[in-house]
Amino acid sequence: MSRVILTTESGADIPTDLAKKHNIQIVSMHVIMDDIDHLDGSFPVTDLYDYYERTKKTPSTTATNPNEYTAFFEKIRSEQPDSIIVHIGYTSKASSSFQSAVLAAEDFENIYLIDALNVSGGLAAIVLYAADLLEKEPDIAVERLVAAIEAAVPRTHFSFMPSGLEFLRAGGRVSNAAYLGASLLKIKPTIELIDGKLVSTKKYRGKMSRVVVDFFDDYLKAYAIDDKKLYLIHSLGLEEEIMTQMENYAKEKGFQDVTWVQTGGVITSHGGPGAFGIAGIEKTGNDE
């Protein structure tokens, strides 16, 4: 068994079965509702929707703090004293969680920290890329593993499209005027991770079942994604028909392995129900 333990935050939204398969250790971020701090993953995502319906407010989110990271790393070391920890973190440009990991790691040896400059399915893509490398080569030198992960960071692209703007408006991310105009015109914005920052980019107009296809096509035009693996992201509430439609469409486009990632509490607090996203890693010159 590899001595390397991969770690990340709950904001990576890594499917439970894949985290278990690859022994990926996950530390929780936080979601605040009614002034009560909840650990991300400790409650059903539907609680977020119930909170919004009751208060017309979106939950707030907070980062994992240094003390939590210290306890997290200590637990791993107590169970596996000879382990090497490679932590692949939530973008430092949208959360202080990575800096908390940096502070905590000062008290430990053999911990490598990588800022993934990504969130949700984009972060999951990088962590699972690292897991695949470890599975193929369990005895890989940690320096070579870290270099490979760091090289994948700028090649990883995550874009998502909320189904509506209610949560973005309630969270103060769009104005009431913009919300009303977009609702009347059925405009759906896209949000991308660019240099680690969440940036609103292209806007689409029409029904979700139609615009997701245009969104997907534009994503593939922008990025030469490796067709061996693609991640499709959804928040609870995306119609099953759209999920089936887009999975089939991805396979028609030649993607060999299509994995669904459901957003957890942190990401859903910002994007709301029924969102759709895409994440993948671009080919290198060595890929066929």
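As a reminder, the structure under discussion sits directly above these lines.
First, a word on what this report is: a plain description of the structure on this page. (Residues numbered from 1 in each chain as written. Predicted model: local features only at pLDDT ≥ 70, side-chain atom pairs only at ≥ 80, totals over all residues. Heavy atoms only, no water.)

Side note on the sheet that holds strand 6 (residues 84–89)
As a reminder, the rule being used: By this definition, two strands are paired if DSSP reports at least two bridges between them. Helix and strand assignments follow DSSP, with helices taken as H or I runs no shorter than four residues and strands as E runs no shorter than two, numbered in order from the N terminus. A fitted line through C-alpha atoms serves as each axis, taken over the contacting stretch for helices, and the angle formed by two N-to-C directions is quoted from 0 to 180°. Every residue pair with non-hydrogen atoms within 4.5 Å of one another is taken to be in contact.
Overall, parallel pairing links the four strands, which are arranged 2-1-6-7 in an open sheet. At either margin of the open sheet sits one strand with a lone partner, and together these are strand 2 (25–27) and strand 7 (111–115). Within the sheet, the average angular offset between the axes of one strand and its neighbour, ignoring direction, is 25 degrees. For strand 1 (residues 4–9) and strand 6, the ladder comprises four bridges, and the chain directions are parallel. Directly across from Ile 5, in strand 6, lies its bridge partner Ile 85. Running at roughly 165 degrees to strand 7, helix 4 (residues 97–105) makes contact with strand 1, strand 6 and strand 7 of the sheet.

A closer look at unusual backbone geometry
In this structure, Leu 117 takes a positive phi of about 50 degrees despite not being glycine. Mapped onto the secondary structure, Leu 117 falls in the loop between strand 7 and helix 5 (120–136). Residue Ser 120 is not a glycine yet carries a positive backbone phi of 45 degrees. Mapped onto the elements, Ser 120 comes out in helix 5.

Focus: the sheet that holds strand 11 (residues 230–234)
The strand order 10-9-8-13-11-12 describes an open sheet built from six strands, whose pairing is mixed. Whereas interior strands pair on both sides, the edge strands pair on one side only; in this sheet they are strand 10 (197–205) and strand 12 (258–262). When the angles between neighbouring strand axes are averaged without regard to direction, this sheet yields 20 degrees. In this structure, strand 11 lies alongside strand 13 (residues 276–281), joined through four bridges in antiparallel fashion. The residue bridging Ile 233 from the neighbouring strand is Gly 277, located in strand 13.

Quick look at the packing of aromatic side chains
Worth spelling out the cut-off: For Phe, Tyr and Trp, rings pair up if their centres lie within 6.5 Å, where Trp contributes its six-membered ring, and each pair is then called stacked (planes under 30 degrees apart), edge-to-face (over 60) or tilted (otherwise). Exposure classes here rest on a 1.4 Å probe applied to the protein chains alone. A residue is buried below 20% of its type maximum, exposed above 50%, and partly exposed in between.
Applying the stated rule across the entire model yields 11 aromatic pairs. Summarising the aromatic geometry, the rings of Phe 158 and Phe 160 are spaced 5.7 Å apart at their centres and angled 20 degrees between planes, so their arrangement reads as stacked. A single burial state applies to Phe 158 and to Phe 160, both of which are buried. Counting every residue linked through ring pairs, the aromatic cluster contains Tyr 69, Phe 72, Phe 73 and Phe 108.

Structural notes on the pattern of salt bridges
Selection rule: Salt bridge criterion: a side-chain nitrogen from Lys or Arg within 4 Å of a carboxyl oxygen from Asp or Glu.
Under the definition given, this model contains 10 salt bridges. When the shortest N-O distance is used, the salt bridge between Asp 226 and Lys 228 registers 3.7 Å. On the basis of relative accessibility, which here comes to 15%, the residue Asp 226 falls in the buried class. A salt bridge links Asp 257 to Lys 229, with the shortest nitrogen-to-oxygen separation between them at 2.9 Å. On the criterion of sequence distance, the pair formed by Asp 257 in the loop between helix 10 (240–252) and strand 12 and Lys 229 in the loop between helix 9 (208–222) and strand 11 is long-range, its members being 28 residues apart.

Overview of empty space enclosed by the protein
Keep this limit in mind: Of the two site types, the cavity is a set of points on a 1 Å grid over the protein atoms alone where a 1.4 Å probe fits but cannot get out, and the pocket is an open set with protein on both sides within 12 Å along at least five of seven lines, each lined by residues with an atom within 4 Å of a point. Grid points are joined across faces, edges and corners, and a volume is the space filled by probe spheres set on the points. All residues other than Ala, Val, Leu, Ile, Met, Phe, Trp, Tyr, Cys, Pro, Asp, Glu, Lys and Arg, Gly among them, are scored as polar; the first ten of these are nonpolar and the last four charged.
Per the counting criterion, the structure on display carries one cavity of 30 Å³ or more. The computed volume of the largest cavity comes to approximately 70 Å³. If you go around the largest cavity, you meet 13 residues; those closest to its centre are Phe 160, Ser 235, Thr 263, Ile 267 and Ala 275. In terms of residues, the lining of the largest cavity owes the most to one element, helix 11 (residues 265–271), which gives three residues. Considered class by class, the residues forming the lining of the largest cavity number six nonpolar, seven polar and no charged.

So, helix 10
The condition that has to hold: Helix span, as expected, comes to 1.5 Å for every residue beyond the first.
Helix length check: helix 10 (13 residues) gives 18 Å between terminal C-alpha atoms against 18 Å at 1.5 Å per residue, within 8%. Close packing links the buried residues of helix 10 with helix 9, strand 11, strand 12 and strand 13. Positioned one or two residues after helix 10, Gly 254 has a phi angle of 105 degrees, which is positive.

Focus: the pairing of strand 1
As a reminder, the rule being used: With strands facing away from the observer, any crossover in which the path from the first strand over the helix to the second runs clockwise is taken as right-handed.
Of all six residues that make up strand 1, six are buried, and the element is covered over most of its length. Going residue by residue along strand 1, you find Val 4, Leu 6 and Thr 8 tucked away on one face and Ile 5, Thr 7 and Glu 9 tucked away on the opposite face as well. Pairing geometry for strand 1 and strand 2, over three bridges, is parallel. Following the sheet pairing, Thr 7 is matched in strand 2 by Gln 25. Viewed along the sheet, the connection from strand 1 through helix 1 (residues 16–21) into strand 2 turns out right-handed.

A closer look at the side chain of Thr 156
Put simply, the rule is: We call two N or O atoms a polar contact when they sit within 3.5 Å, provided that within protein one can donate a hydrogen and the other can accept it, with sequence-adjacent residues counted only if both atoms are side-chain atoms.
In this fold, Thr 156 is placed in strand 8 (residues 156–161). Separated by 2.7 Å, the side chain of Thr 156 and the backbone oxygen of Ala 152 make a polar contact. In this view, Thr 156 contacts Asn 118, Gly 122, Ala 125, Ile 126, Gly 280 and Ile 281; residues no more than four positions away in its chain are not counted.

Comments concerning the nonpolar core
Nonpolar side chains tend toward joint burial in soluble globular proteins. Counted only if it meets this: The set of buried Ala, Val, Leu, Ile, Met, Phe, Trp, Tyr and Cys residues whose side-chain atoms join them within 4.5 Å is what this entry labels a nonpolar core.
Residues Leu 6, Ile 14, Ile 24, Val 86, Ile 88 and Ile 149 are the most contacted members of the largest nonpolar core, which totals 48 residues. If you tally residues by element for this core, the top one is helix 5, at nine residues. By size, the runner-up hydrophobic cluster in this structure holds 24 residues, among which are Met 208, Phe 215, Tyr 219 and Tyr 223.

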